[in-house]
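Listed here are the chains, written in short residue letters.
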Amino acid sequence: MADPVALSPRDVTRSGLCIGCGSCAARPDGRMEWDSYGQRKPAGARQSERTEAFAQTCPFSPHASDESAIADARFPAAPHADERLGRFEAAFVGHVAEGDFRAIGSSGGMVSWVAAELLRTGQIDGVAHVVPTVPTDRDGRLFRYRISRSAGEIAEGSKSRYYPVDLADVLQEIRATPGRYAIVGIPCFIKAVHLLRATDPVIAERVTHTLGLFCGHMKSAAFVDSFAWQLDAPRADVRAVEYRRKDPDRPANWYTAHLSLADGTARWQDWWHLADGDWGAGFFQNSACNWCDDVVAETADVSFGDAWVEPYSSDGRGTNVAVVRSPALAAAVRAAIGDGRLALTEVDAAFIAGTQEAGFRQRRQGLAYRLTWWKRGIRPRKRVAPSAAGIGWRRKLVYRLRYGIAAWSHRLALAARILGVPALYTGWARTSLRLYEALTYHRWRLGAWIARVEGKKHS
């Protein structure tokens, strides 16, 4: 169908473009609910109502301002501009040197440190971020957004959360409660906040800082189901999950999934032993992530990622990379380095991009290729032009396979849950992962055969 000037939440959801940010549900009559795949989606009587306002504020709407336009308006005097990182003041690699920020975080502790520093210096009254919650019969969520107003509360939100959350409730709370707030979120959530700020004077006045998180893709809640199935834990007994349990004696990129159960026991397993433990394969990926071109939260005042290059990726204590776009935050970070509170080294754009190389390939080359495919419903308008030029046959198959794994993991996990047969999903996942590893890394006998075929094509 042709893209209308006015869109409804249902148009976006049916087109596979809803990330579940909750921006459109952040009103008294709005709400978010789970869909059958374990993803957050807007609900209510107004879901079919087409409006220009929604078309201009949904982060995946083709009629909304893109990340470059938002960043150009927010950071016009930025001394650096890079096609991958956007506009920025300075970039760093390192970790927090003071307190226990680094020890309790998944990485170098920088996200919690900046949030706590903004609070300590009186620049904000609260920070909206994701914290773990104990599931109940009425609400089974394991994580949700909350506004924290003390350093201790901020610390409760440390570590990575690969779980669906939405901003609807905290945006309503910000509207209802005067003050200055920071919001922590993945790139599309931060973009949604800025689109909302452009049309909502209350949100514009009260959301004074945005802290972005580098992002590979969003997972569904079914990822926790998969952990439980593979660790032989009753899903109903899961009370808490850690996706990246830190061990200073092991490399930072050796992820360990850890489940805490109702009886006080725990189960855990390293990701590489899981049927769906390769992040890049795309298991349980939200479909909207196929159409995203922002890896590093280009519209945020400051954004953070993991330093996935040596020697940092082998340091189990965790190391951050940070891209600072706000001049005031850049000055604060440099002052803290001078005081010995932060152990950071300034780096260039190429270094930051190198730490996220796979993500940029998926969001730039892979996106360009996906944009050449037929798509039902709304077609995204991206900063990447549709193109299959220069992409070899094997790389095209990798992108096709990732797309298929993302789609079918939701379906197979749903069927496994309904039928009570976890092996329906886990068996398929193991087979799919072996195929992905053969195609992507030339592993197994099939991988060796693919390498020979590829060699012949290039000879």
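Everything numeric here is computed off the predicted structure, so don't read it as measured data.

Draft legend 1. Inspection of the packing of aromatic side chains at higher detail. This model, assessed by the stated rule, comprises 26 aromatic pairs. Ring geometry for Phe143 versus Tyr243: centroids 6.2 Å apart, planes at 35°, classification tilted. Taken together, the residues Phe143 in strand β7 (residues 143–148) and Tyr243 in the loop between β10 (238–242) and β11 (256–261) connect sequence positions 100 residues apart. Here Phe143 matches Tyr243 in class, with each residue buried. Each ring, one from Trp373 and one from Tyr403, has its centre 5.1 Å from the other, and the planes form 80°; the classification is edge-to-face. In this pair, Trp373 is assigned in the loop between α13 (357–370) and α14 (393–419) and Tyr403 in helix α14, connecting sequence segments 30 residues apart. Trp373 sits in the buried class, given a relative accessible area of 10%. Take Tyr403: its relative accessible area is 31%, and that puts it in the partly exposed class. One cation-aromatic arrangement involves Arg40 over Trp34; the distance from NZ or CZ to the ring centre is 4.8 Å. The ring of Phe223 has Lys219 sitting right over it, with the charged end atom 4.9 Å from the ring centre.

Draft legend 2. A look at the pattern of salt bridges. Under the counting rule described, the total for this entry stands at 33 salt bridges. What you see here is one network of salt bridges that share partners, running through Glu67, Lys191, Asp293, Glu298, Arg364 and Arg383.

Draft legend 3. Geometry of the packing of helix α10 (residues 222–230) against helix α15 (residues 422–441). In contact at an axis separation of 10 Å, α10 and α15 are set at 95° when each is read in the N-to-C sense. In terms of orientation, α10 lies roughly perpendicular with respect to α15. The segment α10 lies against α15, with Ser226, Trp229 and Gln230 engaging Pro422, Tyr425 and Thr426. Looking at the contact of α10 with α15 residue by residue, the class counts come to three nonpolar, three polar and no charged.

Draft legend 4. Region of interest: the sheet that holds strand β9 (residues 207–213). Here eight strands make up an open sheet; going across it, the order is β7-β6-β8-β9-β13-β14-β5-β15 and the pairing mixed. The strands lining the two open edges of the sheet, one partner per strand, are β7 and β15 (342–347). Averaged over all pairs of adjacent strands, the angle between their axes in this sheet comes to 25°, without regard to strand direction. Two elements, strand β8 (residues 181–185) and β9, share five bridges in a ladder whose sense is parallel. Considered in β9, the bridge of Val184 is made with Leu211. Contacts from helix α7 (residues 168–176) reach β6 (126–132), β7, β8 and β9 within the one sheet, and its direction differs from that of β7 by about 20°. Strand contacts of helix α11 (residues 327–338): β5 (90–96), β13 (302–306), β14 (320–324) and β15, with the helix running at about 120° to β15, the strand carrying the most contacts.

Draft legend 5. Geometry of the sheet that holds β10. If you trace the three strands from one edge of the open sheet to the other, you get β10-β11-β12, paired in antiparallel fashion. Looking along the sheet, the strands with just one partner apiece sit at the ends: β10 and β12 (266–270). Within this sheet the neighbouring strands show an average axis-to-axis angle of 15°, counted without direction. Across five bridges, the pairing between β11 and β12 is antiparallel. Residue pairing across strands places His258 opposite Trp268, the latter belonging to β12. Taken strand by strand, α10 contacts β10 and β11, and its axis lies near 100° from that of β10.

Draft legend 6. Highlighting a nonpolar patch on the surface. A cluster of nonpolar residues, Ile418, Leu419, Val421 and Leu424, forms a patch on the protein surface that exposes about 380 Å² of accessible area. Tracing the chain through its elements places Val421 in the loop between α14 and α15. A relative accessible area of 38% means that Val421 is categorised as partly exposed.

Reading the values: rules and limits
Residues numbered from 1 in each chain as written. Predicted model: local features only at pLDDT ≥ 70, side-chain atom pairs only at ≥ 80, totals over all residues. Heavy atoms only, no water. Phe/Tyr/Trp six-rings, centres within 6.5 Å; stacked < 30°, edge-to-face > 60°. Helix = DSSP H or I, 4+ residues; strand = E, 2+ residues; numbered from the N terminus. Buried < 20%, exposed > 50% of the residue type's maximum accessible area, 1.4 Å probe, protein only. Lys NZ or Arg CZ within 6 Å of the ring centre and 35° of its normal. Salt bridge = Lys/Arg side-chain N within 4 Å of Asp/Glu carboxyl O. Axes fitted to C-alpha atoms, helices over the stretch in contact; angles between N-to-C directions. Parallel < 35°, antiparallel > 145°, perpendicular 65-115°, else oblique. Contact = heavy atoms within 4.5 Å. Nonpolar A, V, L, I, M, F, W, Y, C, P; charged D, E, K, R; others polar. Pairing = 2+ DSSP bridges. Patch = residues over 30% accessible without salt bridge, like charges linked within 9 Å, V, L, I, M, F, W, Y side chains within 5 Å. Areas by Shrake-Rupley, 256 points an atom, 1.4 Å probe, with all protein chains shown as cover.

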